[in-house]
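# Summary of structural features
This is what each chain is made of:
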Amino acid sequence: MFALLNPSALHLQRTVVLALLGLLGLVLLLPTPVRAQDADEKAQNLANCLARKGPGKCKKQWLNPDDVWRVEDVERRENQRICLTGRTPESCDRALLSLKEIQQTIIAERRENLKSCLMGFSRERRACRKDWLTEVDLKRVEAAEQTRTHCANGKGGSECGALLLPPKPLKPAPTATAPRPPKMAKTAAVPASAGAESVPTAPAGPEDEFATCEVDQFVDAVSAEGRVAELQDGSIWVVALKDADKILAWVLPAYVVACEGRLIHGETGEIIAAKQQR
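To start, this report covers the structure provided alongside it. (Residues numbered from 1 in each chain as written. Predicted model: local features only at pLDDT ≥ 70, side-chain atom pairs only at ≥ 80, totals over all residues. Heavy atoms only, no water.)

## Describing helix α4 (residues 65-85)
Its 21 residues place the ends of α4 31 Å apart at the C-alpha level, agreeing with the 30 Å of an ideal helix rising 1.5 Å per residue. Here α4 has its buried residues at D67, V71, V74, N79, I82 and C83. Each buried residue of α4 lies within a common arc of 165 degrees when the element is viewed along its axis, so the set occupies one face. Exposed side chains of α4 directed beyond 90 degrees from the buried face belong to P65, D66 and W69. Where the residues of α4 are buried, they touch α3 (39-50) and α5 (99-119). Capping of α4 at its N-terminal end is provided by N64; its side-chain oxygen lies 3.1 Å from the backbone amide nitrogen of D66. Phi for G86, located one or two positions after α4, is positive at around 75 degrees. (Helix = DSSP H or I, 4+ residues; strand = E, 2+ residues; numbered from the N terminus. Expected span 1.5 Å × (residues − 1). Buried < 20%, exposed > 50% of the residue type's maximum accessible area, 1.4 Å probe, protein only. Arc of directions from axis to C-beta. Contact = heavy atoms within 4.5 Å. Polar contact = N/O pair within 3.5 Å; in protein donor to acceptor, adjacent residues only side chain to side chain.)

Written out as structure tokens, the structure reads:
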């Protein structure tokens, strides 16, 4: 009892207790032993990382330095692809882009915003950013809105049935994508099989004449003579001779509703007789 009351003994006891607590803390902070991975597990983990299956399935701590570089290169290139489409800015990490790629991304985002504004809807459910539009593009968007309003009020012509179609639901991402055809040159010639007589001058479709229309298309390029048009999905359309001058006057990219035998301008409602070749 006397010893417990001795200041020296109390100091010693306190020192021993603190030392034990310190050792216990070090034990708790030590990493838990990890089971070594075999070759198959490492190979599967590398495959998951290269396929970008997410942090849950990709364990970067299992990768050797060469594989870390490979995975980061894949992630950088995939991020670059996403950014340069301009369609999902929220998924784009600009920190991984070069200065030139950032500039290209900004242009792509403005282009996709213009398309959404012209169509009146966005496949990605994003609102139209009119503050991103130039003065010329803003006038185009206002003209498209006015055309849709006239159609909704029953004041439009035959083109209104197509211009008021709702957007089709998004399709699931394909497991593999076919390579897109090369960009068509502005001086592309009219295919030999596409004479004036092969281009319909009036729609001839099923009972519902707008059932096969695609409402989210854009004319990206037109040949010098106005006889061939390329849409953003890579499809090639041969334009009727009588409408060549009309399509040459369109400002590209031009929002269109693509129906069987015709392209309907989404801003003005102007109808171009055309036939899809591929």
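That covers the picture; the talk isn't over yet.
## Re the environment of L96
With respect to the secondary-structure elements, L96 resides in the loop between α4 and α5. Judged by relative accessible area, L96 falls into the partly exposed class, the value being 41%. Sequence spacing of L96 and E75 is 21 residues, and the spatial spacing of their C-alpha atoms is 9.2 Å.

## Considering the pairing of strand β1 (residues 214-222)
Along any regular strand the residues' side chains alternate between the sheet's two faces. Buried residues dominate β1, accounting for 7 of its 9 residues. Sheet topology note: the β1/strand β4 (residues 254-259) ladder contains 4 bridges and is antiparallel. Residue E214 lies in a different strand from β4, and its bridge partner there is A258. With 3 bridges connecting them, β1 and strand β2 (residues 228-231) associate as antiparallel partners. Its bridge partner lying in β2, V219 is registered against L231. (Pairing = 2+ DSSP bridges.)

## Concerning the nonpolar core
The biggest cluster of nonpolar side chains holds 18 residues, and the ones touching the most others in it are L118, V141, A162, Y255, V257, C259 and I264. Secondary-structure elements contributing two or more residues to this core are α5, α6 (135-152), α7 (160-163), β1 and β4. In terms of residue count, the dominant contributor to this core is α5 (4 residues). Membership of the second largest hydrophobic core comes to 14 residues, among which are V222, L231, W250 and L263. (Core = buried A, V, L, I, M, F, W, Y, C linked by side-chain atoms within 4.5 Å.)

## Describing α3
Taking 1.5 Å as the rise per residue, α3 with 12 residues should run 16 Å; its terminal C-alpha atoms sit 16 Å apart, in good agreement. Within the span of α3, buried status applies to N45, L46, N48 and C49. Looking straight down α3, one finds its buried side chains confined to an arc of 160 degrees; they lie on one side. In α3, the exposed residues that point more than 90 degrees away from the buried face are A39 and D40. On its buried face, α3 is in contact with α4. Of the residues one or two after α3, R52 is the one with positive phi, at around 55 degrees.

## Some remarks on the state of the cysteines
This model, assessed by the stated rule, comprises 4 disulfides. Put simply, C83 and C92 are joined by a disulfide, and their sulfur atoms are 2.0 Å apart. On the sign convention where negative is left-handed, the bridge of C83 and C92, at about 105 degrees about the S-S bond, is right-handed. Across the pair, exposure class does not vary: C83 and C92 are buried alike. With a sulfur-sulfur separation of 2.0 Å, C213 is cross-linked through a disulfide to C259. Handedness here is read from the sign of the S-S torsion; for C213 and C259, about 115 degrees, the answer is right-handed. Taken together, the positions of C213 in the loop between α7 and β1 and C259 in strand β4 put the pair 46 residues apart, joining distant regions of the chain. Judged by its relative accessible area of 1%, C213 is buried. (Disulfide = S-S within 2.5 Å.)

## Some remarks on the pattern of salt bridges
Taken as a whole and assessed by the stated rule, the structure comprises 15 salt bridges. Between E78 and R81 there is a salt bridge, and its shortest N-O distance comes to 2.6 Å. Of this pair, E78 and R81 both sit in helix α4, 3 residues apart, which is roughly one turn of the helix. By relative accessible area, E78 is classed as partly exposed at 22%. R81 gets classed as partly exposed once you look at its relative accessible area, which sits at 46%. Each of R87, R111, E112 and K115 takes part in salt bridges that share partners, so that together they form one network. (Salt bridge = Lys/Arg side-chain N within 4 Å of Asp/Glu carboxyl O.)

This is a description of form; function is not addressed.
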